[in-house]
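Per-entry structural report
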Amino acid sequence: MITYKAGKQPDPREFRLIFKNVDREGWDPSIDCYLRDGGYEDLRKAMGMEPKAITEEVKKAGLRGRGGAGFPTGLKWTFIPPNNTKPVYLICNCDESEPGTFKDRYIVHQDPHQLIEGMVISCFAVGAKVAYIYIREEFPEAAIILENAIAEARAKNFVGPNVLGSGFDVEIYVHRGAAAYICGEETGLIESLEGKRAYPRIKPPYFPAALGLYMCPTIVNNVESLCHVKHIVRMTGEEYAKLGVKNNTGTRILCVSGDVKKPGYFEVQVGKVTMRELLYDMCGGPKDGREFKAVIPGGSSAKILRCDEGFTLKGKGPDGSDLKMSFWDIPMDFDSLAAVGSMAGSGGVIVMDDSRKMSWVLNNLNTFYAHESCGQCTPCREGSMWMKKISDRIVAGEASPKDIATLESVAYQIDGRTICAFGEASSWPVEAIIAKFREELIADTKPENESVPHNPEAEAQRRFLQPA
Amino acid sequence: MSRSLLEENVASPETPGSKFFPPFVPTAALEAEADKRLAQFPGDQKRSAVLPLLHFVQHHHGYISAEAIEWVAARLEIAPIKVLEVVTFYPGFRQSAPGKTHIRVCRTLSCAMGGSHELMEKLCELTGIDRSHADSHHHPVTVSPCGNWSVEFAECLASCGTAPVCLVNDDFHEAVTPDKAQALLDAYQGNTTSH
């Protein structure tokens, strides 16, 4: 019987697999504690399997990457060229930087051995003898916890030469980033690990599974994804696939922040919880006297949704009618959120109530992306800065209605024109906020501002302007 | 890149915090760190150790000076520009000294909604810091006149559910509403070790 710390009990609608030990009473990150709980038994089981059989189980499980793109993990593993003779690397992406996302933090701080066990199994499956945990610089304590945990696992022969007498050797190293969001992009991460600026590589040809770290086959997986591998080995792929819904299997951790009564993390079966259940039942609804206004459902790059929205889905119902869905009935899974024009992304749900001005929200996000653009591709480097400048003007009351159209056109000129997905990540929030809150944004502008050029001399003349 | 060129390109102006950090000199500990990190990468990929070594330098000396860049470049057998380009790219590296206690307040959406801008204002008021010349790209860090404190806005620290949050040196603090700013500073007031 697992008990949790006072005030940290999971919601009854949760299904705790990855977060089983988070906030657990009497739990600590040491290997002794982990072993008492049956830790590393799944590694033992995996070592008795064929590497290919583990990959098959992961495929059968239908595991989709939990970092943001939702790409099938097992399929990613099979992209290593079959005739490969180079060393294979595995990288754990612990750069958790997507605003709104805070799940990996709790895994690496509280349950590091779960990650290490998942990593060793994954290394065995893909044939990697060296693995790196690329951890964001802002988790200094976790970097130490992980290094200690690796040393403990090494002392017990779960990591190192000849793991559990299997003849398989694996080393895991912790590598700290340096506060750059772009390192969460897998090819940017690889460049960073090579000691360079984290400029993402173009795909093709640089698919990491073929040409990754040091131009060798490299598998980059998110922390949560690697933890799931351990549970898939224990449960078998078939059993794991019974969790969640079709094509959206297993559990995932939803991180809710912003304007709700009880923000926090909730591990649920994918697709088994709707937006209404999540925000009202699990998070306690809006703050007193407030109403929900808008939700970003999958990390700041995901397109914003209005809470009063309704959607017409693709296809027809059995009687030939349109398939309708209200915002509140959206199931929290990859395919449903894609069907309503947003994405499940990294699971970071940011909630805004009616006290928030969307121009302010937009400007906050634009400031983030302008700061984090790596600067490699012109549309993104310049565009993210222009978008910030325009939203700065909107917030300052110095924008004209035409600026909204300009902002929108800048966003659409970034989208799809960059090497990595940062272009979309920075432009989607702008596109969506304008599409859904155009009137509100225009209400923050003044037509007479159109006559003021954007330079310091002109700004000084602003005082002579009369409202039109 | 010659030494003088490097010095021209590395801006490490004196700050009130400089007095708390020893100038860069290669130490046995740094050598040991270099050996440890280089062992983690293939022999022909020494460049991979640049981030860990710069972290070590910044941790002990507060910032990364031209001398440090020169040393790291020589140790990794790469041109100094390859180290400098890393220092200038990553927001996690500084080229001048912060305060003895460095506070990074999360600026991004959920924390901003939770009051992180108000927290920053309060911290500046209590420490006498004037952030009016700060800009996120070139001058993110502002040091108090006494050198004991510095503040910086950080982008999402990944704890959005407990907003507003901040990192003080290497310690993480959550739910730091503006009314808790004084208590936070008090906890570091007698701080004798810098980061």
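Computed from a prediction, not measured in an experiment: that's the story for all the values here.

Here the focus is the overall build of chain B. Each helix and strand in chain B was counted, giving 8 helices and 5 strands. Seen in sequence order, chain B has helices and strands lined up from the N terminus as α-α-α-α-α-β-α-α-β-β-β-β-α. On C-alpha atoms alone, chain B measures out to a radius of gyration of 18 Å, which is about the 16 Å that the 2.2 N^0.38 rule sets for 195 residues. Across its three principal axes, chain B shows a C-alpha extent of roughly 50 × 35 × 30 Å. Relative to its full complement of 195 residues, chain B shows a buried share of 49%. Considering only residue pairs separated by 6 or more positions, chain B has 67% of its internal contacts joining residues 24 or more positions apart.

All names here are of chain B. Here chain B is described as being made up of domain 1 (3–89) and domain 2 (101–189). Once you take the C-alpha centre of each, domain 1 and domain 2 turn out to be 27 Å apart. On the domain 2 side, the residues contacting the 5 residues of domain 1 number 6 residues. Tallied by class, the residues present in the side of domain 1 that touches domain 2 amount to 2 nonpolar, 2 polar and 1 charged.

This brings us to the sheet that holds strand E1 (residues 88–94) of chain A. Residue and element names in this part refer to chain A. An order of E3-E2-E1-E4 is seen for the 4 strands of this open sheet, with the pairing classed as parallel. Looking at the sheet topology across the chains shown, the edges are occupied by strand E3 (171–176) and strand E4 (218–222). Direction aside, the axes of adjacent strands within the sheet are offset by 20 degrees on average. Relative to strand E2 (residues 128–135), E1 is paired through 7 bridges, and the arrangement is parallel. Residue pairing for E2: Tyr89 is matched across the bridge by Val130. Running over the sheet, helix H9 (residues 223–235) touches E1 and E4 and is turned about 95 degrees from E4.

Cut-offs applied
- Residues numbered from 1 in each chain as written.
- Chains lettered and ligands numbered in written order.
- Predicted model: local features only at pLDDT ≥ 70, side-chain atom pairs only at ≥ 80, totals over all residues.
- Helix = DSSP H or I, 4+ residues; strand = E, 2+ residues; numbered from the N terminus.
- Rg over C-alpha atoms; globule rule 2.2 N^0.38 Å.
- Buried ≥ 20, exposed ≤ 12 C-beta atoms within 10 Å, placed from the backbone.
- Contact = placed C-beta atoms within 7 Å.
- Domains from an automatic or database assignment.
- Nonpolar A, V, L, I, M, F, W, Y, C, P; charged D, E, K, R; others polar.
- Pairing = 2+ DSSP bridges.
- Axes fitted to C-alpha atoms, helices over the stretch in contact; angles between N-to-C directions.

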